Amino acid sequence: MSTILHAKKRDKGRQSSLSQLRDNGSIPGVVYGYQMESTSISLDARAFAKVLAEIGSKSVFQLDVEGMKVNAVLNEMQRSALKGFVKHVDFKSINMSEELEVDIPITVVGDAIGVADGGFLLQPNREVRIKVKPAEIPETIEVDVSDVAIGSSLYVADIRHKCSFEILNEDDYTLVAITPPPAENQQEETVDGTPEAIEATGQNTSEPKE
């Protein structure tokens, strides 16, 4: 948290004033939470992008709101659906000595034997919710899939004992699954049960009608 993100207080304004703020290279936002009333702020867009690239969206941000130091997590970040730029940021100030709940992405590592055998790797869920002290928030949680075979899955129960923090999801919360490859050369059947493959080959073993 050596990088300080400077913010300015702003008055709550109309949509037009927010658009003007963005046009001038700033991002409107709000910060609220531990020992702090809800305060409307603005951030330099370039400075925010730089800090975001350095520490990621799941880390603790050190905000300087006109001289007031605040430790905060990024609760929500809104982007433009068309252009992708950040439209608004929502920070929640925190107590660094207390645990908090946060969603952390899953990163798959290793080469699954099931994939080597022709299976397909699926990730039904790409994040898990954990309870952890702010200074110990991981950027990601690595899940080794090397030993996962076709028809097998990895669940939260399989990684819970490997983590130094509490995972709040249930044991049967699926992280990874290896599905079998689609069956090949299967003949599709018509409504009356006659294989369509007969029509494709032009062969018919039935007796000719007189």
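Up top is the structure.
Residues numbered from 1 in each chain as written. Predicted model: local features only at pLDDT ≥ 70, side-chain atom pairs only at ≥ 80, totals over all residues. Heavy atoms only, no water.

**Student:** Please clarify how the sheet that holds strand β13 (residues 174–179) should be interpreted in this entry.
**Tutor:** Through backbone hydrogen bonds, the strands of a sheet pair up, either in parallel or in antiparallel fashion. If you walk across this open sheet you meet the three strands as β8-β13-β11, and the pairing is antiparallel. Looking along the sheet, the strands with just one partner apiece sit at the ends: β8 (120–122) and β11 (153–155). Strand after strand, the sheet turns through a mean of 10° between neighbouring axes, direction not considered. Of the pairings in the sheet, the one linking β11 to β13 comprises three bridges and is antiparallel in character. In the strand pairing of β13, L154 is matched with V176. (Pairing = 2+ DSSP bridges. Helix = DSSP H or I, 4+ residues; strand = E, 2+ residues; numbered from the N terminus. Axes fitted to C-alpha atoms, helices over the stretch in contact; angles between N-to-C directions.)

**Student:** Teacher, can you tell me more about the packing of aromatic side chains here?
**Tutor:** Describing an aromatic ring pair means giving the distance of the ring centres and the angle of the ring planes. Taken as a whole, this structure holds three aromatic pairs when the rule is applied. Seen in terms of ring centroids, F48 and F61 are 6.4 Å apart; in terms of plane orientation they differ by 20°. Their pairing is stacked. Placement of the pair is F48 in helix α2 (residues 45–55) and F61 in strand β4 (residues 60–65), with a sequence separation of 13 residues. Look at F48 and F91: their rings are 6.5 Å apart centre to centre, the planes differ by 85°, and that puts the pair in the edge-to-face class. Separated by 43 residues along the polypeptide, F48 in helix α2 and F91 in strand β6 (residues 86–93) bring together distant segments of the chain. (Phe/Tyr/Trp six-rings, centres within 6.5 Å; stacked < 30°, edge-to-face > 60°.)

**Student:** Help me out: how do you make sense of the pairing of strand β1 (residues 4–9) in this one?
**Tutor:** Side chains on a regular strand alternate between the two faces of the sheet. As judged from the four bridges shared by β1 and β4, these two strands associate in the parallel manner. Within β4, the residue paired with L5 across the bridge is L63. The pairing of β1 with strand β3 (residues 36–44) spans three bridges and is classified as antiparallel. For K9, the partnering residue across the bridge sits in β3 and is I41.

**Student:** Would you mind going over the nonpolar core with me for this structure?
**Tutor:** It is characteristic of soluble globular proteins that their nonpolar side chains tend to be buried jointly. If you look at the biggest cluster of nonpolar residues, it comprises 24 residues, and the most contacted ones within it are V128, I130, I141 and L175. Take this core: its biggest share by element is four residues, from strand β7 (residues 100–109). Look past the residues within four positions of I141 in its chain and what remains in contact with it is I104, P105, I106, T107, V128, I130, I159 and F165. Counting residues in hydrophobic clusters, the runner-up holds 19 residues, among them V70, L74, V89 and F91. (Core = buried A, V, L, I, M, F, W, Y, C linked by side-chain atoms within 4.5 Å. Buried < 20%, exposed > 50% of the residue type's maximum accessible area, 1.4 Å probe, protein only. Contact = heavy atoms within 4.5 Å.)

**Student:** Any chance you could explain the pairing of strand β9 (residues 127–132) here in plain terms?
**Tutor:** The side-chain alternation of β9 yields one buried face, formed by V128, I130 and V132, and one unburied face, formed by E127, R129 and K131. Of the strand pairs in this sheet, β7 and β9 are connected by six bridges, and their pairing is antiparallel. Note on β9: the bridge partner recorded for I104 is V128. Relative to strand β12 (residues 166–167), β9 runs antiparallel, the two being bridged by two bridges. Counterpart to I130 in the pairing with β12 is I167.

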